[in-house]
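An overview of the molecular structure
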Amino acid sequence: MEFAFYLSGLVAVLATLGVVVSVNPVHALLYLIVSLIGVAMVFFALGAPFAGALEIIVYAGAIMVLFVFVVMMLNLGEAVVDQERAWLKPGIWRGPAVLAALLLVILAVTLWRGDIGMVIAGETLTAKAVGMTLFGPWLLVVELGAMLLLAALVTASHVGRLSTPRQTPGRDASTKEGA
């Protein structure tokens, strides 16, 4: 299991470097997803399958959904379609595909050797243990965090739908749209 830990950590670090040095946002996103899956594999190797599953579901899944929304919002027309075709050439997928294949090989070797029960150290973290910790001694902190997130959501909703549109620089404030 130590082999899986170190190799998954190496893949996560290399993929994170790919995120940092990528000029294209699509390439950076692909590397970021591989990095998050690598971190999830580290959690699995450490004997925290619940944390690993949450890493994949919350982070990798949420980032993909966020990216889909950004692509939908930034749909600028025909010029963008040609640019997206150029981004999705097979050569772009080589780096993330190699790192993801390495993670798949690590997982297959670990499952084949039967090292699933062997962890580096510690106990397996279950959903019940997380719930007991969060809603036991840390209940007040969790509730305060939820209130803060709710306040941020309400604020973002109100800021996002201003009743008067902003005037662009150089435009006369007395002119109205459509007049």
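How each quantity is defined
Residues numbered from 1 in each chain as written. Predicted model: local features only at pLDDT ≥ 70, side-chain atom pairs only at ≥ 80, totals over all residues. Heavy atoms only, no water. Helix = DSSP H or I, 4+ residues; strand = E, 2+ residues; numbered from the N terminus. Buried < 20%, exposed > 50% of the residue type's maximum accessible area, 1.4 Å probe, protein only. Contact = heavy atoms within 4.5 Å. Areas by Shrake-Rupley, 256 points an atom, 1.4 Å probe, with all protein chains shown as cover. UniProt positions renumbered as here; feature names shortened; annotations may be inferred. Core = buried A, V, L, I, M, F, W, Y, C linked by side-chain atoms within 4.5 Å.

Moving on, we come to the overall build of the protein chain. Counting secondary structure elements, the protein chain contains seven helices and zero strands. Going from the N terminus to the C terminus, the protein chain shows its helices and strands as α-α-α-α-α-α-α. Counting every position in the protein chain, which comprises 179 residues, the buried fraction comes to 22%. Considering only contacts within the protein chain whose residues lie at least 6 apart along the sequence, 70% involve residues at least 24 apart. Accessible surface computed for the protein chain: about 12,900 Å², of which carbon and sulfur atoms make up 74%.

It is worth spelling out the UniProt feature "transmembrane region" (unreviewed entry) in the protein chain at this point. Within the UniProt annotation, "transmembrane region" (unreviewed entry) is assigned to residues 6–23, 30–50, 56–76, 97–114 and 134–156. Taken end to end, residues 30–50 comprises 86% helix and 0% strand; its first and last C-alpha atoms sit 24 Å apart. Between the end C-alpha atoms of residues 134–156 there is a gap of 27 Å, over a span that is 83% helix and 0% strand.

Ala4, Leu7, Val11, Ala15, Tyr31, Val34, Met41, Leu99, Leu103 and Ile106 together form the largest nonpolar core, which totals 10 residues. Broken down by secondary-structure element, the contributors of at least two residues to this core are helix 1 (2–21), helix 2 (25–45) and helix 5 (94–113). With four residues, helix 1 is the largest single contributor of residues to this core. Excluding residues that lie within four positions of it along the chain, leucine 103 makes contacts with Ser8, Val11, Val34, Ile37, Gly38 and Met41.

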